[in-house]
There are 2 protein chains.
Amino acid sequence: MLQVWLLVDLDSDTSVPVFQVCEWHSPEQLKKLLDLELRDRGEPESEILQRCRDAIRYSVKTSHPRFFNQLYAGMEPYSMVASFIAEAVKTNLYTYEVAPVFTLMEDAVLRKMIKVIGWEEGGDGIFNPGGSLSNIYAVNLARYRYCPDFKEVGMFSAPRLVILTSQECHYSISKGAALMGIGTKNVYTVPTDERCTGAVPFMVNATAGTTVLGAFDPIDEIADICEKHNLWLHVDVSSLFNQVVHLIPPVAQRFDSVAWNPHKMLMASLQCSAFLVRDKTSLLQRCHSARASYLFQQDKFYDVSYDTGDKSVQCSRKPDAFKFWLMWKALGSRELEQRVDRALAMARYLAEEIKKREGFRLVLEPEFANVCFWYLPPSLRNLPESPELWKKLHTVAPVVKQRMMKTGSMMTGYQPLGEKANFFRMVVISPQVSRQDLDFVLDEIHNLGKDL
Amino acid sequence: MLQVWLLVDLDSDTSVPVFQVCEWHSPEQLKKLLDLELRDRGEPESEILQRCRDAIRYSVKTSHPRFFNQLYAGMEPYSMVASFIAEAVKTNLYTYEVAPVFTLMEDAVLRKMIKVIGWEEGGDGIFNPGGSLSNIYAVNLARYRYCPDFKEVGMFSAPRLVILTSQECHYSISKGAALMGIGTKNVYTVPTDERCTGAVPFMVNATAGTTVLGAFDPIDEIADICEKHNLWLHVDVSSLFNQVVHLIPPVAQRFDSVAWNPHKMLMASLQCSAFLVRDKTSLLQRCHSARASYLFQQDKFYDVSYDTGDKSVQCSRKPDAFKFWLMWKALGSRELEQRVDRALAMARYLAEEIKKREGFRLVLEPEFANVCFWYLPPSLRNLPESPELWKKLHTVAPVVKQRMMKTGSMMTGYQPLGEKANFFRMVVISPQVSRQDLDFVLDEIHNLGKDL
């Protein structure tokens, strides 16, 4: 009934050297290359095939071992196969009747994740389209626990609620606060801003592995404060696996919720993000339910607790859990842990190399997979520490980035942070990365920037 | 560098008759068949391949021409190929630098959709993971236009805001109101509840093709009211294409925003949902932006207006637009329109057949692709119209549904609505459906329910 053969073979186009991470074109140039216009009449299959080849050719090769630009990299083939099957099977996760297999797989993988976190008495959870939604869910559940009436009556007569978070938390907490009627100004960063006059804190967002620096909040101390003041404790562990096992329990027993994205450190296909909650009183469902009569009939012939759709603010929801389930099944927990260890070992190698090399300087000692550093071209190396030096240094990374994209040899991020001048941010999360790749990265940054 | 061969061939498993829509197993039975447990050690490839086959086998065949259970059905092969490529290319739509091709394709397809709607001066838009998010975006933009300060300070000192909507709008409006701190009780349905004492309406949500009945709100009259009171007018056109062209303009000129899901009527792979806004002052970006320094650096070497990520409340965002772009390119606008026409002709055929057949009764004359009807087994046909008849009829659809799932011959939804007893809800959206399929559906419902 359903037959699909797919062949994606980048090597077949011999004009693209396989070592390029990207083939840069400006938006205006690329528009011309792609012929984007949609017309009244369709095109023959041979044209469409060429358009598919072009789409692949001009896309960034994010699975290339020299792609370090984001918090995702590499390719987990089992999860990709699972994503293809999920696309072909074409279903949504709202009811058991239309997604029996994926409903059970989501349940199984959530239970296993809850076990890994260390919630011995169980919990609940759901896969979301991205970690931002998971963080938004945490804010919503915390607010709902604080006062369930807000769901019905809104926040018009509520006291001013405040979220406490570490300064370097992901920006989704701000986006969520804006969306949810809490307001970005009511996201208080700790410790730089502790003024809470007249406001009611209801949750703390902690981060285990921040987006930019990969830093860890002091979660044990935060948990003490939350316990004392009855605050919801959400922990964004976006980039962890065995670290959860080894480092976090028994602290994890004190988390109310966790956002965990297997599409980052574990290389699952995009997207693969879970929101986990320790509560066992259907808080997730009670907080989000709308009981649509056309989906969630209560006179069905099976156990409707398997209809998970009302746990979500979405209606359509993709079976992303299947991707994680299949790769976990194929690899086993130990291999997943070892992969993370290998990636972290590579991050440490990179940090050590940076310390050894002239002209490279770490922004700070890495705690995790994020390695942040400056490159000083020879012209800056003998300048005294001064605002002028930092001002000049600030302009180096953008130029090197531009040159690396135009050669297509590698991709890494850069950014400023507070007072700090633009630095390179490498996130080493793929175990497919070798020491040679990392040596290349440092050599290449020097080659591209030594004349600056 | 990247080589993928995928073969999904359901026919190869000869134990599954190709005409079955599903192979029903209860959650407990299916758990045993699937061996869901995740262990420390992985499994060999041959086992994993069998697990993939099982995942496909026990999943519902939603592309089967006798699957009418949801607002999606059928399979658009171009869009599926695009989804495979998007999975393999593995990127997010936040910046041009990591998703140059998909960024431009999203832009092109949004522009074309805006043209189809009839916004002659242009507009803005974004693809979201599902129509619910699009509706939530509409509420958020309407609120932001009403008072931009809410983004920063929250709604703690705001007047009680109210959303006006038709009674049969999608439940995402309620879910959104709860999430956004507006409250489900401040979603006022019109005309059954017009009490607005002390409250400030800021938007109207209208529906062109409701979820259950496929009904159309009187959009022209609603637009008059919105204009008079300066209310944001959002229209959920989830299931339209050429209807937008033929029926809605010039009314569309008066819409502030539109939610449009090509994954419904146009059979694009799940998910494919666009939110479109007529505004041309970057309202979408201003409303949602958080200006994360690690993604949206302003000193990049290219035009950063192509970095669309800050228009979204998500961080990771899938290139769903590519699926719609590729199928539109391959088929052309005319073929897309004709497909919708063919599906609507089939829905009309079904309604006519229902009128002809003994024991079948339409709930109401269909306006669109949704055909809602009761089946009266012979035992009920000679009963007088009475509460007792309706009480008995209410139990028929759940039993027939159970039997159809256990035989696997077809799938259709059922539900009650207000005072109305459980009725069957068929949504005929796939042009791959034939008259024979629809005849079969009615025959089969009779066969499955005639003894009741």
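This one's a predicted model, so the numbers in the text were calculated from it and none came from an experiment. (Residues numbered from 1 in each chain as written. Chains lettered and ligands numbered in written order. Predicted model: local features only at pLDDT ≥ 70, side-chain atom pairs only at ≥ 80, totals over all residues. Heavy atoms only, no water.)

**Student:** Just checking my understanding: could you explain the pattern of salt bridges for this structure?
**Tutor:** Side-chain pairing between opposite charges can occur once the charged atoms of the two side chains come close. Enumeration according to the criterion identifies 78 salt bridges over all chains in this entry. As a salt-bridge pair, E358(A) and R381(A) come within 3.9 Å of each other at their nearest N and O atoms. Taken together, the residues E358(A) in the loop between α11 (321-356) and β10 (360-362) and R381(A) in helix α12 (residues 378-381) connect sequence positions 23 residues apart. Linked by salt bridges that have partners in common, D35(A), R39(A), E43(A), E47(A), R51(A) and K329(B) make up one network. (Salt bridge = Lys/Arg side-chain N within 4 Å of Asp/Glu carboxyl O. Helix = DSSP H or I, 4+ residues; strand = E, 2+ residues; numbered from the N terminus.)

**Student:** Hey, could you run me through the environment of M265(A) in this one?
**Tutor:** Relative to the elements of secondary structure, M265(A) occurs in the loop between β8 (257-260) and β9 (273-277). Taking C-alpha positions, M265(A) is 10 Å from D341(A), a pair spaced 76 residues apart along the chain.

**Student:** How should the sheet that holds strand β11 (residues 370-375) of chain A be read in this particular structure?
**Tutor:** Strand pairing in a sheet takes place through backbone hydrogen bonds and is either antiparallel or parallel in direction. Residue and element names in this part refer to chain A. Strand order in the open sheet made by the five strands is β2-β12-β13-β11-β10, with mixed pairing throughout. Lying at the two open borders of the sheet, with one neighbouring strand each, are β2 (67-68) and β10. The strands that helix α14 (residues 396-407) touches are β11, β12 (411-417) and β13 (420-427); relative to β12, the one it contacts most, it runs at about 165°. Seen against the sheet, helix α15 (residues 435-449) touches β2, β10, β11 and β13 and runs at an angle of roughly 25° to β11. (Pairing = 2+ DSSP bridges. Contact = heavy atoms within 4.5 Å. Axes fitted to C-alpha atoms, helices over the stretch in contact; angles between N-to-C directions.)

**Student:** Even after reading the chapter, I still don't get the pairing of strand β11 (residues 370-375) of chain B, so can you show me in this structure?
**Tutor:** For a regular strand, the rule is simple: side chains alternate between the two faces of the sheet. All names here are of chain B. Burial within β11 is extensive, with six of its six residues counted as buried. Burial along β11 is two-sided: N370, C372 and W374 and V371, F373 and Y375, pointing in opposite directions, are all buried. Note that strand β10 (residues 360-362) and β11 share three bridges and pair antiparallel. For R361, the partnering residue across the bridge sits in β11 and is W374. Pairing between β11 and strand β13 (residues 420-427): four bridges, direction antiparallel. Following the sheet pairing, V371 is matched in β13 by M426. (Buried < 20%, exposed > 50% of the residue type's maximum accessible area, 1.4 Å probe, protein only.)

**Student:** Looking at this model, I keep getting lost on the confidence of the model for chain A. Mind explaining?
**Tutor:** For chain A, per-residue confidence averages 89 on the pLDDT scale, and 91% of positions sit at 70 or higher. For this predicted complex, the interface confidence score (ipTM) comes to 0.92, while the overall pTM stands at 0.92. (pLDDT = per-residue confidence, 0-100.)

**Student:** Whenever I open this one, the sheet that holds β11(B) confuses me. Can you help?
**Tutor:** Residue and element names in this part refer to chain B. Strand order in the open sheet formed by five strands is β2-β12-β13-β11-β10, with mixed pairing between adjacent strands. Looking at which strands have only one partner, the edges of the open sheet turn out to be β2 (67-68) and β10. Its contacts with the sheet place helix α15 (residues 435-449) against β2, β10, β11 and β13, and it is angled at close to 25° to β11.

**Student:** Could you clarify how one ought to interpret the UniProt feature "modified residue: N6-(pyridoxal phosphate)lysine" (unreviewed entry) in chain A in this entry?
**Tutor:** Residues and elements named next belong to chain A. As recorded in UniProt, the feature "modified residue: N6-(pyridoxal phosphate)lysine" (unreviewed entry) lies at K264. Structurally, K264 can be placed in the loop between β8 and β9. Given the relative accessible area of 12%, K264 is considered buried. (UniProt positions renumbered as here; feature names shortened; annotations may be inferred.)

**Student:** How should the relation of the copies chain B and chain A be read in this particular structure?
**Tutor:** For the pair of chain copies, the relating operation is a rotation around an axis with a shift along it. Rotating chain B by 180° about the axis while translating it 0.0 Å along that axis superimposes it on chain A, leaving an RMSD of 0.0 Å. The transformation just described matches what one would write down for a two-fold rotation axis. The rotation axis passes nearest to the C-alpha of M180(B) in chain B, at a distance of 1.9 Å. Here 100% of the contact residues of chain B are again contact residues in chain A; the copies associate through an equivalent surface. (Least-squares fit on C-alpha atoms with pLDDT ≥ 70 in both.)

**Student:** In this structure, what is going on with the environment of I354(A)? I would like to understand it.
**Tutor:** Inspection of the secondary structure puts I354(A) in helix α11. Other than its neighbours up to four places away in sequence, I354(A) contacts F360(A), R361(A), L362(A), V371(A), F373(A) and L442(A).

**Student:** When you look at the packing of aromatic side chains in this model, what are you seeing that I'm missing?
**Tutor:** Aromatic rings considered in pairs are described by the distance between their centres and by the relative angle of their planes. A full pass over the atoms with the stated rule returns 35 aromatic pairs over all chains. With a centroid separation of 4.8 Å and an interplanar angle of 40°, the aromatic rings of F324(A) and W328(A) are classed as tilted. Of the two residues, F324(A) and W328(A) both sit in helix α11, four residues apart, roughly one turn of that helix. Since its relative accessible area comes to 0%, F324(A) is described here as buried. Where W374(A) meets W390(A), the ring centres are 4.9 Å apart and the plane angle is 65°; that geometry is what we call edge-to-face. Taken together, the residues span a long stretch of sequence, with W374(A) in strand β11 and W390(A) in helix α13 (residues 387-394) at a distance of 16 residues. On the basis of relative accessibility, which here comes to 25%, the residue W390(A) falls in the partly exposed class. Members of the aromatic cluster, each reached through a chain of ring pairs, are W24(A), Y96(B), F301(B), Y302(B) and Y306(B). A cation sits over an aromatic face here: R66(A) above F440(A), 3.8 Å from the ring centre. (Phe/Tyr/Trp six-rings, centres within 6.5 Å; stacked < 30°, edge-to-face > 60°. Lys NZ or Arg CZ within 6 Å of the ring centre and 35° of its normal.)

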